[in-house]
Every structure is written in C-alpha cells, then in structure tokens.
Amino acid sequence: PDKTAQEDQPGKRDLEKKATLDERSPSLHQRTEGVSIQKLELLDDHGRPVDVVATESDLTVRAHLQYTETVNDSLVDIFLRNDLGLDIFCTNTTLERAPIGERRAGEQVIVDFTFQVPLNHGHYSVGATVSRSGSRDSYLERNDATAAFEVSLPSGEDASAGLVHLPTQVRVFNPDEVLKHQPPR
C-alpha cells in the first residue's frame, strides 16, 4: 500500500479489530421485540470509519436501527467502556433531547451521537441499547457487543494519568500575589 496515502488519512490503520459491527457479527444482537440494531459504526469528523482517534478529537457513534413493528416512541442509549469494562460515559436520545418519535414496521433510522473525546491513551468500546421511552427496563434491543477503538498516544507529549483529559487552566503565583487576589474575610 502507498504509505503517503495512509498518512493522508489520520486514524486509519489496519487492525484486526473493526470499527463497525453489523448483522454478520454473530454476537451483535440479543433480539427482543420491535426494533433491531443492524449496525454500529465509529466515524471521524469527516464521516470515515475509524478505529484510532486522538484525544480531544470528535467521534461519532452511529447506530442503524430497523423497526420490525410499530413502536410509539423509543430511545437509544450508548455507553463507552474502558478495557476493564468500566462504564465511563453513557447518554441517550432522551437526555440529548433528540426524540425518535413513532416508527412503523419496516422503517430504518440512523442515530448519530457526536462528542469530543476527552479520553487518555487506551482501548475503549462502545455499546448500544434501544428501549421504549419511559421504560428503562424494557429493552427492545440490547446490544452488548461493541465497536472498539483506541485513543492514540499524543506524539511528542507526555502521557497524563487517569481516564480522561479535562481541559484545565493552570496559573502560578507568588504567595504575595495570591493574597492580593483573595476576597476579604
């Protein structure tokens, strides 16, 4: 393969792990009723499949849904886990105020969750579930199989400890400067 072409596409590597799981993946579905998650994709900020991302870059988790019966309202949950299986981020279409609404049998829907990745270097996975709105325990589809990705180690920088990199302001003062900035007691 042309090395220059690969360098023009940051985040693209040939890994054994795939950034996309689809209906051919045997462990993808725990089928229940009404809807199935046909495919779960990880995309970069240009909409390309990705399995390696840089910290603070944008990542889109795309869930492809297929409704097999009419469902009045449903919600999609996504969750990010570290390589130890710890849930480090969860959200859903209700929390993000993106209602799916009523869907009829045969309809297909694509739901994108896009967020900045504050994670430090490591291996992570993403999973998804679909449930009826208002019923967190009544899953229409539970997808515990996941799409996997890696957060790359920043080049030329020291790696920081912990799971996430939170934007932080640091200021350095001499002791007499701090006293000037403190409110009176």
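Whatever comes next refers back to the structure up there.
These figures come from a predicted structure and were not determined experimentally.

Details of the overall build of the protein
No. 1: In terms of regular secondary structure, the protein is built from 2 helices and 10 strands.
No. 2: Walking the protein from its N terminus toward its C terminus, one meets helices and strands in the order α-β-β-β-β-β-β-β-β-β-β-α.
No. 3: The buried share of the protein, reckoned over its 185 residues, is 35%.
No. 4: Taking contacts inside the protein between residues at least 6 apart in sequence as the whole, the part at least 24 apart equals 70%.

A look at the pattern of salt bridges
No. 1: The full count for this structure, using the stated rule, is 6 salt bridges.
No. 2: A salt bridge links R48 to D44; its shortest N-O distance comes to 2.9 Å.
No. 3: On the accessibility criterion, R48 (26% relative accessible area) is partly exposed.
No. 4: R104 is the salt-bridge partner of E102, the closest N and O atoms lying 3.0 Å from each other.

Observations concerning the nonpolar core
No. 1: Counting residues in hydrophobic clusters, the biggest one holds 29 residues, and the most contacted among them are L42, L59, V61, L65 and F149.
No. 2: Counting residues per element, this core draws most heavily on strand β5 (residues 58-67), which supplies 5 residues.

Points about the pairing of strand β6 (residues 74-82)
No. 1: Burial analysis of β6 places 8 of its 9 residues in the buried class, the great majority of the element.
No. 2: Inspection of the sheet shows β6 paired to strand β9 (residues 122-132) by 9 bridges, in the antiparallel sense. By the bridge assignment, N82 is partnered in β9 with Y124.
No. 3: Across 5 bridges, the pairing between β6 and strand β7 (residues 87-92) is antiparallel. Among the inter-strand pairings, F79 is bridged to a residue of β7, identified as C90.

Details of the packing of aromatic side chains
No. 1: Across all of its chains, the model carries 2 aromatic pairs by this definition.
No. 2: With 5.3 Å between their ring centres and 50° between their planes, F89 and F115 make a pair best called tilted. Here F115 lies in strand β8 (residues 108-116) and F89 lies in strand β7, a separation of 26 residues in the sequence.

Concerning unusual backbone geometry
No. 1: Even without glycine at this site, E56 takes up a positive phi of about 70°.
No. 2: Among the secondary structure elements, E56 is positioned in the loop between β4 (52-54) and β5.
No. 3: One non-glycine residue, R97, adopts positive backbone phi at about 55°.
No. 4: Mapped onto the secondary structure, R97 falls in the loop between β7 and β8.

Cut-offs applied
- Residues numbered from 1 in each chain as written.
- Predicted model: local features only at pLDDT ≥ 70, side-chain atom pairs only at ≥ 80, totals over all residues.
- Heavy atoms only, no water.
- Helix = DSSP H or I, 4+ residues; strand = E, 2+ residues; numbered from the N terminus.
- Buried < 20%, exposed > 50% of the residue type's maximum accessible area, 1.4 Å probe, protein only.
- Contact = heavy atoms within 4.5 Å.
- Salt bridge = Lys/Arg side-chain N within 4 Å of Asp/Glu carboxyl O.
- Core = buried A, V, L, I, M, F, W, Y, C linked by side-chain atoms within 4.5 Å.
- Pairing = 2+ DSSP bridges.
- Phe/Tyr/Trp six-rings, centres within 6.5 Å; stacked < 30°, edge-to-face > 60°.

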